[in-house]
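# Structural overview
Residues per chain, in single letters:
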Amino acid sequence: MKPVQLLLVMMATILTSCEFKCSVGGDKGSGTTTKTVTSDDGGGLTGAVIKNDIELEATDVKVNRVFLADELQKPLDSNVVNLNEKITCYINTDTGWTKINGKSFIGASERVTGSDGTVLLDAKDLFEAYDATGVSEEDAKFVSIRARVSEKIPGIDNYTVQFRVWDKKGKGVITGKYKFRVR
């Protein structure tokens, strides 16, 4: 059964040239550049399909797949998007978030830097508004973090997105990063 899409727009902040949105819910497809984590790699990534050269670590969370997609939810073959086009990192998990009365209490942070080291975005907790209520345990299995470059900045050739998703009631945590560039 497919979970109901739950869009959580935490902020619509534009810092220099980036904006972000974060959501949970809604199972998405997968991209084409694939790494399947073997049991030798261990931990919560065993069996996970990781695409688009995303670097990932997971503790006390079982990750199924992680990939990038365009604003039409089409998996990306490369980490290149058009100016003003959203790039979304989808993180699909299986188990690991603590459940209290059918709710999970997760946090997510996102930091976007330019190739010159300029910090364009530094969002500490995208799910802070849900600290009291949590989100359904099904929706917490499908986290997405979005970025969009709205104007080119001289001297910046590519962007690095670092993210962290964590369990506010337990020990589970996923950290990762990926690079992308704008045509």
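Refer to the structure above for everything that follows.
Everything in this summary refers to the structure shown in the same document. (Residues numbered from 1 in each chain as written. Predicted model: local features only at pLDDT ≥ 70, side-chain atom pairs only at ≥ 80, totals over all residues. Heavy atoms only, no water.)

A word on the pattern of salt bridges. Counted under the stated rule, the structure contains 5 salt bridges. We note a salt bridge from D125 to K168, for which the minimum N-O separation is 2.6 Å. In this pair, D125 sits in the loop between β12 (119-123) and β13 (135-136) while K168 sits in the loop between β15 (159-167) and β16 (173-182), placing the two residues 43 residues apart along the sequence. Ionic pairing is found between K168 and D131, a salt bridge with its closest N-O pair at 2.3 Å. Of the two residues, K168 sits in the loop between β15 and β16 while D131 sits in the loop between β12 and β13, which places them 37 residues apart along the sequence. Note on D131: relative accessible area 39%, which makes it partly exposed. Three or more residues are tied together by salt bridges with common partners; here these are R111, D122 and K124. (Salt bridge = Lys/Arg side-chain N within 4 Å of Asp/Glu carboxyl O. Helix = DSSP H or I, 4+ residues; strand = E, 2+ residues; numbered from the N terminus. Buried < 20%, exposed > 50% of the residue type's maximum accessible area, 1.4 Å probe, protein only.)

Quick look at the sheet that holds strand β9 (residues 99-100) now. Pairing in this open sheet of 3 strands is antiparallel, and the strands run β9-β10-β13 from one edge to the other. One side of each edge strand has no neighbouring strand; the edge strands of this open sheet are β9 and β13. Where β9 lies against strand β10 (residues 103-104), 2 bridges are found, and the strand directions are antiparallel. Bridged to I100 within β10 is K103. (Pairing = 2+ DSSP bridges.)

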